[in-house]
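# Examining the three-dimensional arrangement
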Amino acid sequence: MELTVEIKGNSRVIHLIGNMDVHNTHRVEQAFMDHIRKATESNIVLDMSNVEFVSSAGLRVIVGSLRVCKEREIQLKLAALRPAVRKVFEIIDMDSLFKIYDTVDSSLQ
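Owing to the predicted nature of the structure, the values given are computational and were not obtained by experimental measurement.

Conventions adopted
- Residues numbered from 1 in each chain as written.
- Predicted model: local features only at pLDDT ≥ 70, side-chain atom pairs only at ≥ 80, totals over all residues.
- Heavy atoms only, no water.
- Salt bridge = Lys/Arg side-chain N within 4 Å of Asp/Glu carboxyl O.
- Helix = DSSP H or I, 4+ residues; strand = E, 2+ residues; numbered from the N terminus.
- Buried < 20%, exposed > 50% of the residue type's maximum accessible area, 1.4 Å probe, protein only.
- Pairing = 2+ DSSP bridges.
- UniProt positions renumbered as here; feature names shortened; annotations may be inferred.
- Expected span 1.5 Å × (residues − 1).
- Contact = heavy atoms within 4.5 Å.
- Polar contact = N/O pair within 3.5 Å; in protein donor to acceptor, adjacent residues only side chain to side chain.
- Core = buried A, V, L, I, M, F, W, Y, C linked by side-chain atoms within 4.5 Å.
- Axes fitted to C-alpha atoms, helices over the stretch in contact; angles between N-to-C directions.

## Details of the pattern of salt bridges
Under the definition given, this model contains 7 salt bridges. With a shortest N-O distance of 3.6 Å, R82 and E52 are connected by a salt bridge. Taken together, the residues R82 in the loop between β4 (75-79) and α3 (83-91) and E52 in the loop between β3 (43-50) and α2 (56-71) connect sequence positions 30 residues apart. Residue R82 is classed as partly exposed on the basis of its relative accessible area, which comes to 30%. Taking relative accessible area as the criterion, E52 reaches 55% and is therefore assigned exposed. Here the residues in one salt-bridge network are R86, E90 and D102, joined through shared partners.

Here's what the structure looks like:
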């Protein structure tokens, strides 16, 4: 899994590329937490347009990120979830925990 970051206004956009599974969640989790801890922006957007699969380990990382964001008073937003990934969030009712946007641009408004 690859991760790139850009700052857009008052948002830190984290672009994820690849699958969030047991093989790479430790590295992704560490990178997420590093970016959350050094963020000065009030929003973090996870661009998931290039994520085709999220395992339970990946979901744990995202929920853990939400907890740390709340502690730091940063709003965590999810953007551009592929249909299969969005369905997982809906099935386990995690879509009620997160603000989910159709596109990165709509999450920035």
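Picking up where we left off.
## Structural notes on the pairing of strand β1 (residues 2-8)
Where β1 lies against strand β2 (residues 11-17), 7 bridges are found, and the strand directions are antiparallel. For I7, the partnering residue across the bridge sits in β2 and is R12. Counting the residues between successive antiparallel strands, the hairpin from β1 to β2 contains 2 residues, one of them, G9, with a positive phi of roughly 60°.

## Some remarks on the UniProt feature "domain: STAS" (unreviewed entry) in the protein
Taking the UniProt record as the reference, the feature "domain: STAS" (unreviewed entry) is found at residues 1-109. Taken as a whole, residues 1-109 contains 39% helix and 28% strand, while its terminal C-alpha atoms sit 27 Å from one another.

## Quick word on the environment of E73
Along the chain, E73 falls in the loop between α2 and β4. Taking C-alpha positions, E73 is 21 Å from V28, a pair spaced 45 residues apart along the chain.

## Side note on α2
Between its terminal C-alpha atoms α2 stretches 23 Å, which fits the 22 Å expected from 16 residues at 1.5 Å a residue. If you check which residues of α2 are buried, you get A57, G58, L59, V61, I62, G64, S65, L66, V68 and C69. Each element contacted by the buried residues of α2 is listed here: α1 (25-38), β3, β4 and α3. Two or three places before A57, at the start of α2, stands the capping residue S55, its side-chain oxygen 3.2 Å from that residue's backbone nitrogen. Phi for E73, located one or two positions after α2, is positive at around 60°.

## Regarding the nonpolar core
M20, M48, L78, F89 and F98 are the most contacted members of the largest nonpolar core, which has 29 residues in total. Taken together, the elements giving at least two residues each to this core come down to β2, α1, β3, α2, β4 and α3. The greatest single-element share of this core, amounting to 6 residues, is contributed by α2. In contact with F89, not counting residues within four places along its chain, are L59, I62, L78, L81, M94, D95 and F98.

## As for the sheet that holds β1
With respect to topology, 5 strands assemble into an open sheet ordered β1-β2-β3-β4-β5, the strand pairing being mixed. Bordering the open sheet on either side are β1 and β5 (99-101), each of which pairs with just one other strand. Averaged over all neighbouring strand pairs, the angle between strand axes comes to 25°, with direction disregarded. Packed on one face of the sheet, α1 meets β1, β2 and β3 and runs near 170° to β2.

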